[in-house]
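Here are the chains, one letter per residue:
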Amino acid sequence: MTQSPPLQGLRVLEFAGLAPDYGATVLRLDRAHPKAHTANPPPPTGDQLTRRKSSICVNTKSADGIALIKKLVANVDVIIDPFRPGVLEKMGLDPAKVLLRLNPRVVVARMTGFRRDGKYKDMAGHDINYIAVSGVLSMLGRQGEKPYAPGNIVGDFGGGGAVCFTGILLALMQRERTGLGQVVEANMVDGSSFLASMPRFAQKLPTWGGERGTNMLDGGCPYYDTYETRDGQYMAVGALEPQFFAALIKGLELDVKQIKGDRLDKATWPQQKALYTQRFKQKTRAEWERIFDGTDACCTPVLTNPELEKDGFDQRPIVTLTSSPAFAVSEGEADGRSAAQGQGIGVEGSGWNSKGLRPGHDGEEVLAKWMGWNNGRHYSLKDGGLELLEVSPRSRL
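What you see is a predicted model, and the numbers here were worked out from it, not measured in a lab.

1. Remarks on the overall build of the chain
At step 1: Check the secondary structure of the chain and you find twelve helices and eleven strands.
At step 2: Per-residue burial over the chain gives 41% buried out of 397 residues.
At step 3: Across the chain, the fraction of contacts at a sequence separation of at least 24, relative to all contacts at a separation of at least 6, is 63%.
At step 4: When the 49 positive and 45 negative side-chain charges of the chain are each reduced to one mean point, those points stand 4 Å apart.

2. Structural notes on the confidence of the model for the chain
At step 1: On average, residues of the chain score 94 in pLDDT, and 97% of them reach the 70 mark or higher.
At step 2: Residue range residues 392-397 is modelled with pLDDT below 50. Its contacts to residues more than four positions away, or to other chains, number six contacts.

3. A look at unusual backbone geometry
At step 1: Backbone geometry at C298 places phi at a positive 55°, although glycine is not the residue there.
At step 2: Positive phi is not limited to glycine here, since D362 has a value of about 60°.

4. Comments concerning the sheet that holds strand β7 (residues 224-228)
At step 1: With antiparallel pairing, the three strands of this open sheet are ordered in space as β7-β8-β9. If you trace the sheet from one side to the other, it starts and ends with β7 and β9 (299-301), each paired once. Going from strand to strand, the sheet's axes swing by 25° on average, the running direction of each strand aside.
At step 2: Across three bridges, strand β8 (residues 234-238) lies against β9 in antiparallel orientation.

5. Structural notes on the packing of helix α4 (residues 127-134) against helix α6 (residues 188-195)
At step 1: Put simply, α4 and α6 touch, their axes get as near as 8 Å, and they point 60° apart. By the criterion of interaxial angle, the relationship of α4 to α6 is oblique. The hand of the α4/α6 crossing is right-handed. Contacts from Y130, I131, V133 and S134 of α4 reach α6 at M188, V189, S192 and S193.
At step 2: Residue composition of the contact of α4 with α6, by class: five nonpolar, three polar and no charged.

6. Comments concerning the nonpolar core
At step 1: Membership of the largest hydrophobic core comes to 29 residues, with the highest contact counts inside it found for I56, L68 and L72.
At step 2: Counting only elements with at least two residues in this core, the list comes to β2 (25-31), β3 (53-58), α1 (63-73), α2 (87-91), α3 (95-102), α12 (363-371) and β11 (385-388).
At step 3: In terms of residues, this core owes the most to one element, α1, which gives six residues.
At step 4: One finds L10, V107, M111 and I168 within the second-largest nonpolar core, a separate group that totals 22 residues.

7. Description of the packing of α4 against helix α5 (residues 153-178)
Relative orientation and spacing of two packed helices are given, respectively, by the angle between their axes and the distance between those axes.
At step 1: Their axes nearest at 7 Å, the elements α4 and α5 cross at an angle of 80°. Taken together, the axes of α4 and α5 are roughly perpendicular relative to one another. Contact with α4, carried on its side by D127, Y130 and I131, involves I153, V154, G155 and D156 of α5 and no other residues of that element.
At step 2: Broken down by class, the residue content of the contact of α4 with α5 amounts to four nonpolar, one polar and two charged.

8. Examining the packing of aromatic side chains
At step 1: This model, assessed by the stated rule, comprises ten aromatic pairs.
At step 2: When the centroid spacing of 6.4 Å and the interplanar angle of 80° are considered together, the rings of Y223 and W269 count as edge-to-face. Placement of the pair is Y223 in the loop between α7 (197-202) and β7 and W269 in helix α9 (residues 269-280), with a sequence separation of 46 residues. A single burial state applies to Y223 and to W269, both of which are buried.
At step 3: Cluster of aromatic residues (ring-pair linked, three or more members): Y227, Y276, F280, W288 and F292.
At step 4: One cation-aromatic arrangement involves R200 over F201; the distance from NZ or CZ to the ring centre is 5.2 Å.

9. Quick notes on the environment of P222
At step 1: Its place among the elements puts P222 in the loop between α7 and β7.
At step 2: With a relative accessible area of 1%, P222 lands in the buried category.
At step 3: Separated by 49 residues in sequence, P222 and Q271 place their C-alpha atoms 8.9 Å apart.
At step 4: When residues no more than four places from it in sequence are discounted, the contact partners of P222 are Y227, W269, Q272, K273 and Y276.

10. Points about the environment of M139
At step 1: Mapped onto the secondary structure, M139 falls in the loop between α4 and α5.
At step 2: M139 sits in the buried class, given a relative accessible area of 8%.
At step 3: Separated by 77 residues in the primary sequence, M139 and M216 have C-alpha atoms spaced 12 Å apart.
At step 4: Leaving out residues up to four positions away in the same chain, M139 has contacts with A196, P199, R200, Q203, R212 and D218.

Conventions used here
Residues numbered from 1 in each chain as written. Predicted model: local features only at pLDDT ≥ 70, side-chain atom pairs only at ≥ 80, totals over all residues. Heavy atoms only, no water. Helix = DSSP H or I, 4+ residues; strand = E, 2+ residues; numbered from the N terminus. Buried < 20%, exposed > 50% of the residue type's maximum accessible area, 1.4 Å probe, protein only. Contact = heavy atoms within 4.5 Å. Lys, Arg positive; Asp, Glu negative; His and termini not counted. Charge placed at Lys NZ, Arg CZ, Asp CG, Glu CD. pLDDT = per-residue confidence, 0-100. Pairing = 2+ DSSP bridges. Axes fitted to C-alpha atoms, helices over the stretch in contact; angles between N-to-C directions. Parallel < 35°, antiparallel > 145°, perpendicular 65-115°, else oblique. Left-handed = near helix turned anticlockwise from the far one by under 90°. Nonpolar A, V, L, I, M, F, W, Y, C, P; charged D, E, K, R; others polar. Core = buried A, V, L, I, M, F, W, Y, C linked by side-chain atoms within 4.5 Å. Phe/Tyr/Trp six-rings, centres within 6.5 Å; stacked < 30°, edge-to-face > 60°. Lys NZ or Arg CZ within 6 Å of the ring centre and 35° of its normal.

Here is the structure:
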């Protein structure tokens, strides 16, 4: 029997945040907008991580807008704070002095780029800056070239979002034992540094002791690299172990004697790389796939997202819970799915496209479910944002 997703019933109030595929209801707080909560709502924000979220717009610069947020705090499990240090405090929403007093069970997750107590704490930054001061960026890139920033995967999503989510789960586990919430502080400097623990330690060893781009796993090793094929596409090679390397050489139809030495000897690496580069260029990617598919050569195609989407690759939840799977991502029938695919009918776009979230979208329905509130009785719309009505109109009569 399939159970509900593990976070079912949790209420999350976010100033920015995480996709609730594991069942939590997430209500995003957006800034006031002239068209919000009207028949002609504003366009979606730039945030693409909006699966299964709702939104309300709130006047955070008005006392009644802040009062509305405080009322909500007493009825939520998690609050997500993405601002620079001090912003919530200036709003009158200090996590320790206000939020936890309003709701001792709430988990307040604070996500910053730089450390909250570091020299950069008051500076603006982006993913590249956070991984730069963490030491991670210095390890990424080819030999003789400048450090290479891998999009915003390492800082924003790996060292940031994933680490913050882990902190939230740990705090919720602790709450099960103590009944008390707490403040969770995550930052992308420490998060990305943690993700890079293995190469950081390995820099003191031969494995990663050379300059950037000359080591086993950073593009220096010829049998752990990518190679262009005859049709301009690429194959990825990761044949580190002897038996896997033997299968690679066999598939390439090469003689190990052509290496002219021990494959592990870095002195042979430039010649090996030239050899494999020349060989892979002789066939198309499809031809190499037919040769290596089903083998232990650790040689696979470098597939692109447009290819995967065209071929019907189904986007799935990040992890499979066999008894209480997450909600499905790919659209389809609710019945007959495997636990790996998730439960339910999926979402529009199937994980390939996101239309974003319009400020104010479905948020009032969430307020009705969470709080039993109605517009005009418990709150009003003023200057594009919701504000609390401390005294209902009916009670004034």
